[in-house]
Amino acid sequence: MVNTVFKAALFKDPRYYQLGVLSVLLAFGVTTRAFEISPLQIASIFAAALAVQFLGSFMTAVRFDPRSALITSLSLSLLLRADSVPPLMIAAAIAVGSKFMFRLYGKHVFNPANAGIVALLLMSQTVISGAAWTTPGQWGTALWLAAALAGAGMFVTYRSARFDVPLIFLSAFATLIVARALWLGDPLAIPFLRLQNGALVLFAFFMISDPKTTPDGAVARAVFAVGAALIAYVLSYHFFISDGIFYALAAMCLIRPLIEAVDPAPHYRWGDPVSAPRFMPHFWRGRPAPLPAE
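The structure presented is a predicted model; accordingly, all values stated were derived computationally and were not measured.

Looking at this model, I keep getting lost on the environment of Val223. Mind explaining?
Of note, Val223 is situated in helix H11 (residues 218-237). Through-space distance from the C-alpha of Val223 to that of Met252 is 9.6 Å; in sequence the pair is 29 residues apart.

How should I be thinking about the packing of aromatic side chains in this particular structure?
The description of an aromatic ring pair uses the distance of the two centres, along with the angle that the planes make with each other. All told, the structure shown has eight aromatic pairs when counted by the stated rule. Here the aromatic rings of Phe102 and Phe110 are separated by 5.9 Å at their centres, their planes lie at 85 degrees, and the arrangement is edge-to-face.

What's the story with unusual backbone geometry in this structure? I'm lost.
Most peptide bonds take the trans form, and the phi angle of most residues other than glycine is negative. Of note, the phi angle at Ala61 is positive, near 60 degrees, even though the residue is not glycine. Relative to the helices and strands, Ala61 is located in the loop between helix H3 (39-59) and helix H4 (67-79).

Sorry, what's going on with the packing of H4 against helix H6 (residues 112-126) here?
Any two packed helices are characterised by how steeply their axes cross, that is the angle between the axes, and by the distance between the axes. Remark: H4 packs on H6, axes separated minimally by 9 Å, with the N-to-C direction vectors making an angle of 40 degrees. Judged by the angle between their axes, H4 and H6 are oblique. Seen along the crossing, H4 lies across H6 with a hand that is right-handed. Note on element contacts: H6 touches H4 through Pro112, Ala113 and Ile117, opposite Thr72, Ser75, Leu76 and Leu79. Residue composition of the contact of H4 with H6, by class: five nonpolar, two polar and no charged.

Looking at this structure, how should I read a nonpolar patch on the surface?
The grouping of Phe54, Leu55, Phe58, Met59 and Phe64 at the surface amounts to a nonpolar patch, some 590 Å² of accessible area in total. By the secondary structure assignment, Phe58 is in helix H3.

Explanation requested: the side chain of Arg256 in the structure shown.
As for its position among the elements, Arg256 is in helix H12 (residues 244-262). Relative accessible area serves as the criterion here: at 1%, Arg256 is assigned to the buried category. At 3.0 Å, the side chain of Arg256 forms a polar contact with the backbone oxygen of Val109. Not counting residues within four places of it along the chain, the set of residues in contact with Arg256 comprises Lys107, His108, Val109, Lys212, Thr213, Thr214, Pro215 and Phe224.

How should I be thinking about the packing of helix H8 (residues 164-184) against H11 in this particular structure?
Closest axis-to-axis distance for the H8/H11 pair is 8 Å, and the angle between their directions is 35 degrees. Crossing geometry of H8 relative to H11 is assigned as right-handed. In this structure, H8 contributes Asp164, Val165, Ile168, Phe169, Ala172, Phe173, Leu176, Ile177 and Arg180 to the contact, and H11 contributes Ala218, Arg221, Ala222, Ala225, Val226, Ala228, Ala229, Leu230, Ala232, Tyr233 and Tyr237. By residue class, the composition of the contact of H8 with H11 is 17 nonpolar, no polar and three charged.

Would you take a moment to explain helix H10 (residues 198-206) for this structure?
Burial of H10 is extensive: nine of the nine residues sit out of reach of the surface. Considered for burial, the residues of H10 that qualify are Gly198, Ala199, Leu200, Val201, Leu202, Phe203, Ala204, Phe205 and Phe206. The residue sitting at the N-terminus of H10 and contributing the capping side-chain oxygen is Asn197; that oxygen lies 2.8 Å from the backbone nitrogen of Ala199.

Would you mind showing me how to read the pattern of salt bridges here?
Opposite charge on two side chains permits pairing when their charged atoms draw close. Scanning all chains against the criterion turns up seven salt bridges. When the shortest N-O distance is used, the salt bridge between Asp65 and Arg67 registers 2.6 Å. Taken as a pair, Asp65 and Arg67 share a single burial class, namely buried. The shortest N-O distance in the salt bridge between Arg221 and Asp164 comes to 3.0 Å. Here Arg221 is found in helix H11, whereas its partner Asp164 is found in helix H8, with 57 residues between them in sequence.

The rules we used
Throughout this document, residue positions are counted from 1 along each chain, in the order its sequence is written. Where totals are concerned, whole chains, interfaces and linings use all residues; where local detail is concerned, this predicted model gives features only for residues with pLDDT of at least 70, and gives and counts side-chain atom pairs only at 80 or more. Computation of side-chain values covers all heavy atoms of the structure but excludes hydrogens and water. The way it works is that DSSP assigns letters per residue, a run of H or I at least four long becomes a helix, a run of E at least two long becomes a strand, and they are numbered from the N terminus. Centres within 6.5 Å are what make two rings of Phe, Tyr or Trp a pair, Trp counting through its six-membered ring; a difference in plane orientation under 30 degrees is then read as stacked, over 60 as edge-to-face, and the rest as tilted. What counts as an axis is a line fitted to C-alpha atoms, over the stretch in contact for a helix, and the angles between N-to-C directions run from 0 to 180 degrees. Should an angle fall under 35 degrees it is taken as roughly parallel, and over 145 as roughly antiparallel, whereas 65 to 115 is taken as roughly perpendicular and any remaining angle as oblique. Rotating anticlockwise by less than a right angle from the far helix to the near helix defines a left-handed crossing, while the corresponding clockwise rotation defines a right-handed one. Residues are treated as being in contact if the distance between any of their heavy atoms lies within 4.5 Å. Residues are grouped as follows: Ala, Val, Leu, Ile, Met, Phe, Trp, Tyr, Cys and Pro are nonpolar; Asp, Glu, Lys and Arg are charged; every other residue, Gly included, is polar. Residues forming no salt bridge and having over 30% relative accessible area are the ones grouped into patches, like charges within 9 Å of each other and nonpolar side chains (Val, Leu, Ile, Met, Phe, Trp, Tyr) within 5 Å. For the area figures, the Shrake-Rupley method with a 1.4 Å probe applies, and any residue is considered shielded solely by the protein chains shown. We define a salt bridge as a contact between a side-chain nitrogen of Lys or Arg and a carboxyl oxygen of Asp or Glu at a distance within 4 Å. Exposure is judged per residue with a 1.4 Å probe applied to protein chains only, and the accessible area is read against the type maximum: over 50% gives exposed, under 20% gives buried, and values in between give partly exposed. Between N or O atoms, a polar contact is any pair within 3.5 Å; within protein, one atom must be a potential hydrogen donor and the other a potential acceptor, and residues adjacent in sequence are included only when both atoms are from side chains.

The following block contains the structure:
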């Protein structure tokens, strides 16, 4: 009986799929030495994130659940780098702590991993020069890797009822950079190569699509994704900020409550049934997930 209940929870909760994909990706990067991060740094990120999750749960009198902290730790291990351990531990503490400190209408305001990354990037530019940086270069531009990430990401975002967010974000971002290339007379190979970057695909399918920090209404999600793409494009190609996608998501999270006010919808719960977004074919709409909601 216990085993049956565990299997049902495992297949119902999309966080387990996300944990699996991110774990495999991190293991692949570390074993092939493609990622410049040491086991000590990874362990420190996990320790800090889980410690803050436990402390926050204790102080707010809620059950300790490590799953969100583990996902945040994996995301930070994949995307953030530093020469020493303390900056990474600070990023993990800020990331998980932001869930408990910044809340509005029953939801945390910022995507945890994104909050940790942005906080450390800002600290690196103001308080501690060069304390941390992101890692778009480690992913290269291999088409097979981007396709594999996108395939895994589509499955995870479908299970979390956020399949539309990465597709809208990437479509809007691609449209902007292709239009820019056409305007400047650049060959289309340039924007297409940039779209194959693994960091961009990882961001689209495993960060901006977080169901707890994206709007719950379908129209609001579309506005959220397009807004993030527009801000990321402006920061990246007009202000030449290489980390524009992370700042863009932080900015959209700040104005998300205003967007949700225009298109209110019930809050997402982990394991809610999946239904297709409104823009998808009629025969997909309202199709429930194989497993019921919690």
